[in-house]
Amino acid sequence: MSSRTGVVLAGGKSRRFGRPKAFETHEGSYFYERSEHALLPWTDQVVIQTSLELQPLFPGGKVYTDTEKWRGEGPLAGLYTAMKREESEHFILLPCDVPFLTSEVIGEMIVWKEENGITAPCALKGNGRLHPLISIWEAKDTEEINYLLEQGERSAHRVFLNLGGVSVEAAALKGVTGKHLCNVNTEDEYKKGSLL
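Residues numbered from 1 in each chain as written. Predicted model: local features only at pLDDT ≥ 70, side-chain atom pairs only at ≥ 80, totals over all residues. Heavy atoms only, no water.

Help me out: how do you make sense of the overall build of the chain in this one?
Each helix and strand in the chain was counted, giving 6 helices and 9 strands. Over its C-alpha trace the chain gives a radius of gyration of 15 Å, about what one expects of a compact globule, namely 16 Å for 196 residues. If one aligns the C-alpha atoms of the chain with their principal axes, the spans along those axes are about 40 × 40 × 30 Å. Here the chain holds 196 residues, and the buried ones make up 53% of them. In the chain, 68% of the contacts between residues at least 6 apart in sequence involve partners at least 24 apart. Here the chain displays about 9300 Å² of accessible surface, and carbon together with sulfur accounts for 48% of that area. (Helix = DSSP H or I, 4+ residues; strand = E, 2+ residues; numbered from the N terminus. Rg over C-alpha atoms; globule rule 2.2 N^0.38 Å. Buried < 20%, exposed > 50% of the residue type's maximum accessible area, 1.4 Å probe, protein only. Contact = heavy atoms within 4.5 Å. Areas by Shrake-Rupley, 256 points an atom, 1.4 Å probe, with all protein chains shown as cover.)

See the structure below:
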């Protein structure tokens with residue numbers, strides 16, 4: 001069993017952006033690659049969770065689509081699919097649309113979680129809100145996530161809280177700034193984030 005698996009969510013429809021954000025570039029790398037690179041130093045493997053439409057565009061590696069039962073049901077379904085397919089104790093989740101986030105941020109989160117003895121899901125909080133998709137989840141929560149999906153829950157935020165999730169303030173982590181947490185949904189947001 002690998003200790004940590006990184007999961008990059010790269011299957012969104014990117015309606016506001018106008019084209020798939022996963023394949024937008026920043027400093028010469030696709031957005032999804034930047035999330036992958038942020039995870040690699042801290043995980044035993046990284047999987048890409050995407051849609052049937054986008055799956056053929058990825059060059060290789062472990063590229064998954066949602067289990068048929070939960071296909072198209074959002075980020076929570078993507079997390080659950082990865083958790084069911086990979087044996088790991090911890091799953092570090094990142095969306096593909098945080099191109100300014102670095103591996104140092106992930107490292108600081110892991111250290112904070114371990115130093116504080118947190119065994120519940122852990123997510124970053126900053127820029128005035130919780131970021132449940134910049135988070136670390138536990139294998140032991142897999143079936144509870146499935147149960148909540150069965151109950152019709154699709155909000156990663158609500159599931160995080162339901163599982164007793166603990167947030168860590170970005171300001172409490174060494175070197176983490178608001179720019180790291182910039183979630184890019186539009187070209188304008190990307191331009192603004194680049195100027196920070």
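What's the story with the pairing of strand β8 (residues 129-138) in this structure? I'm lost.
A regular strand carries its side chains on alternate faces of the sheet. Counting buried residues in β8 gives 8 out of 10 residues, a clear majority hidden from the surface. Direction of pairing for strand β6 (residues 88-95) relative to β8: antiparallel, over a ladder of 4 bridges. When the bridges of β8 are listed, His90 appears paired with Glu138. The pairing of strand β7 (residues 122-126) with β8 spans 5 bridges and is antiparallel. Pairing of Gly126 across the sheet is with Arg129, part of β8. (Pairing = 2+ DSSP bridges.)

Is there a simple way to explain the pairing of strand β4 (residues 45-50) in this structure?
Taking burial as the measure, the 6 residues of β4 include 6 buried ones, the bulk of the element. The alternating pattern of β4 places Gln45, Val47 and Gln49 and Val46, Ile48 and Thr50 on opposite faces, both of which are buried. Pairing of β4 with strand β5 (residues 63-65), which is carried by 3 bridges, proceeds in the parallel orientation. Bridging from a neighbouring strand, Thr50 pairs with Thr65 of β5.

I'm lost on the pattern of salt bridges in this one. Help?
A side chain of one charge can pair with a side chain of the opposite charge when the charged atoms of the two come close. Under the counting rule described, the total for this entry stands at 10 salt bridges. Between Arg4 and Glu114 there is a salt bridge; the shortest N-O distance is 3.0 Å. Highlighted residues: Arg4 in strand β1 (residues 2-9) and Glu114 in helix α3 (residues 103-115), separated in sequence by 110 residues. In this structure Glu114 comes out as exposed when scored by relative accessible area, which is 56%. As a salt-bridge pair, Arg158 and Glu153 come within 2.9 Å of each other at their nearest N and O atoms. Assessed through its relative accessible area of 18%, Glu153 is described here as buried. (Salt bridge = Lys/Arg side-chain N within 4 Å of Asp/Glu carboxyl O.)

I'm lost on α3 in this one. Help?
Think of an α-helix as turning once every 3.6 residues; residues three or four places apart then point the same way. With 13 residues, α3 should cover 18 Å at 1.5 Å per step; its first-to-last C-alpha distance of 18 Å lies within 8% of that length. Those residues of α3 that sit buried are Ser103, Val105, Ile106, Gly107, Met109, Ile110 and Lys113. Positive backbone phi, at 65°, marks Gly117, one or two positions downstream of α3. (Expected span 1.5 Å × (residues − 1).)

Would you mind showing me how to read the side chain of Ser51 here?
Tracing the sequence through the fold places Ser51 in the loop between β4 and β5. Not counting residues up to four positions away in its chain, the partners in contact with Ser51 are Gly11 and Thr65.

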